[in-house]
Amino acid sequence: MISSRPSIPAERYRDRLASAQALASEAGLAAILVGVGADMRYLAGYPAMPLERLTMLVIPAAGGWSLVAPRLEATPARGCPPAEAGHLPVVTWEETEDPHALVAGMVREAEGSAASPVPGQAHGGRLRIAVSDDLPARHLLRLQDRLGGASFELGSPILGRLRIVKDADEIALLTEAAHAADRVVAQIAAGRLVGRTESDVAREVRERLIAEGHEWAHFAIVGSGPNSASPHHEASERVIAAGEPIVLDIGGTIAGYGSDITRTLWVTGGDPAKGPDERFRHLFGVLQGAQAAATRAARPGVSPEAVDGAARRPIEAEGYGDAFFHRTGHGIGLEGHEDPYIIAGNTEPLREGMAFSIEPGIYLVGEYGARIEDIVVCGPDGPIALNEAPRELYVVDG
């Protein structure tokens, strides 16, 4: 399985860097400065360690781009695909040097060599610098000091524009992650649950995600009984009993790309008399219809707001509107939550290649709840659900 895993070629990273530079120039920026995180991994394929030392992609609006890294991280920095292929120079700094001054000098040098008119000057001649949204304050404040007089803004209008549409290799990685998570859901549903704590089941989920090819198992929500009505429940020492539901929401990453699936189980302990009550069956049927309706609505040109509405209307029609109190979904890729967000107010039309969750839920607080979640890609003619695990209520002995 791992030997056939898709990989993103060095030339793709070169093209992404070129696209970011072109958009920076088009936006009138002097440079985009990208710190450690998903943006850097997207542009350079480099999952840099989140150290207090500065590692930064410097992408000027004109001229060459560079990866600035501490010397002690030179080997992994030079091992990222575009650097290894000669598309991304790596500039290292010593422990006694000021890396923020180094970056500032690179920006000013690129700006000084740019052809007139200077693209990165705001009104009054101030340089405009975009930074990745999650750049730590310890770096941002020092850059602001070293680039005195420059104005700083978020990089997400440019970087998000690049990342929001996934290419074929990214979709292949998301698919692999989704199928691995599907297998873990099946394994957990087939195993013993009654008499175990939620935290013990969550530990097993994480182990199985790793065994199925994930590098990291980032979360394992195991909400049993009344805890199933808490959407982001932290698995606790509560003991799972027969005759109650479990909301199982799990995920991790493969080559940086995320999985995220939710299925709802009902454990009977082998006693048919402890199966789901009629109200829960009805609630779940409404939820299943809503999730299917929202998935069908996800196609090019349709707004995320409309997809959210497709999930919400059947739930509201059955009187459960107040029990569905979160958005219908979120984008997924190198981050577990990213654009596009499937929520009222988001009117930017979906485009082919966007990837996101569809995950309505109904939660009767203090009693029980249910959620169904798939990762969906907007295909050329409609939705492509990456998860293949059954969406029915899993009634299991446990």
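Quick look at the structure, then. These figures come from a predicted structure and were not determined experimentally. Each chain has its residues counted from 1, following the order in which its sequence is written. Residues qualify for local features only when their pLDDT is at least 70, as the model is predicted, and side-chain atom pairs are given and counted only at 80 or more; totals for whole chains, interfaces and linings, by contrast, use all residues. Here the side-chain values reflect all heavy atoms present in the structure, with hydrogen atoms and water set aside.

### Re the nonpolar core
Rules: Definition used in this section: a nonpolar core is a set of buried Ala, Val, Leu, Ile, Met, Phe, Trp, Tyr and Cys residues joined via side-chain atoms within 4.5 Å. Only protein chains enter the accessibility calculation, which uses a 1.4 Å probe; a residue is then buried when its area is under 20% of its type maximum, exposed when over 50%, and partly exposed in between. Think of it this way: any DSSP run of H or I at least four residues long counts as a helix, any run of E at least two long counts as a strand, and we number them from the N terminus. Contact definition: two residues touch when any of their heavy atoms are within 4.5 Å.
One finds Ile-32, Leu-43, Leu-57, Leu-67 and Leu-88 to be the most contacted residues of the largest nonpolar core, which totals 40 residues. At the level of elements, helix H1 (10-26), strand E1 (31-34), helix H2 (38-44), strand E2 (56-60), strand E3 (66-70), helix H7 (156-163), helix H8 (168-190) and strand E16 (374-378) are the ones that each hand at least two residues to this core. Among all residues touching Leu-57, those that are not within four sequence positions of it are Leu-17, Ile-32, Leu-33, Val-34, Met-40, Leu-43, Ala-44, Ser-66, Leu-67 and Leu-88. The next biggest cluster of nonpolar side chains, apart from the first, holds 29 residues, and it includes Val-286, Val-307, Ala-323 and Leu-364.

### Quick look at helix H11 (residues 304-317)
Note the following rule: Expected helix span is computed as 1.5 Å times (number of residues minus one).
Taking 1.5 Å of rise per residue, the 14 residues of H11 would be expected to cover 20 Å, and the 20 Å separating its terminal C-alpha atoms lies within 8% of that figure. Within H11, the full set of buried residues consists of Pro-304, Val-307, Asp-308, Gly-309, Ala-310, Ala-311, Arg-312 and Ile-315. Contacts from the buried residues of H11 go to helix H10 (278-297), strand E12 (338-342), strand E13 (355-358) and strand E14 (361-364).

### Some remarks on the side chain of Arg-16
Note on placement: Arg-16 falls in helix H1. For Arg-16, a relative accessible area of 5% puts it in the buried group. Look past the residues within four positions of Arg-16 in its chain and what remains in contact with it is Ile-8, Tyr-42, Leu-43, Leu-162, Asp-167, Glu-170 and Tyr-257.

### As for the pattern of salt bridges
The criterion, for reference: The rule for a salt bridge is simple: a side-chain nitrogen of Lys or Arg has to be within 4 Å of a carboxyl oxygen of Asp or Glu.
A complete count under the given rule lists 30 salt bridges for this structure. Across the pair Arg-203 and Glu-207 runs a salt bridge, and its minimum N-O distance is 3.0 Å. Here Glu-207 and Arg-203 lie together in helix H9 (residues 198-211), a separation of four residues that amounts to about one turn. By relative accessible area, Arg-203 is classed as partly exposed at 39%. For Asp-249, the salt bridge identified is with Arg-371, shortest N-O distance 2.9 Å. In this pair, Asp-249 sits in strand E8 (residues 244-254) while Arg-371 sits in strand E15 (residues 368-371), placing the two residues 122 residues apart along the sequence. Among the residues examined, Arg-371 registers a relative accessible area of 2% and is labelled buried. One salt-bridge network, held together by shared partners, links Arg-196, Asp-200, Arg-203, Glu-204, Glu-207 and Arg-208.

### A short note on the environment of His-87
If you trace the backbone, His-87 turns up in the loop between helix H4 (81-84) and strand E4 (90-93). What makes His-87 buried here is its relative accessible area of 19%. Not counting chain neighbours up to four residues away, the residues in contact with His-87 comprise Ala-10, Glu-11, Arg-14, Trp-65 and Pro-82.

### Section: H1
Using the following cut-off: Note that the arc is computed from the directions linking the helix axis to the C-beta atoms.
A rise of 1.5 Å per residue sets the reference length of H1, with its 17 residues, at 24 Å; its end C-alpha atoms lie 25 Å apart and thus fit the reference within 8%. Of all the positions in H1, only Ala-10, Tyr-13, Arg-16, Leu-17, Ala-20, Gln-21, Leu-23 and Ala-24 are classed as buried. Each buried residue of H1 lies within a common arc of 165 degrees when the element is viewed along its axis, so the set occupies one face. Trailing H1 by a residue or two, Gly-28 shows a phi angle of about 80 degrees, which is positive.

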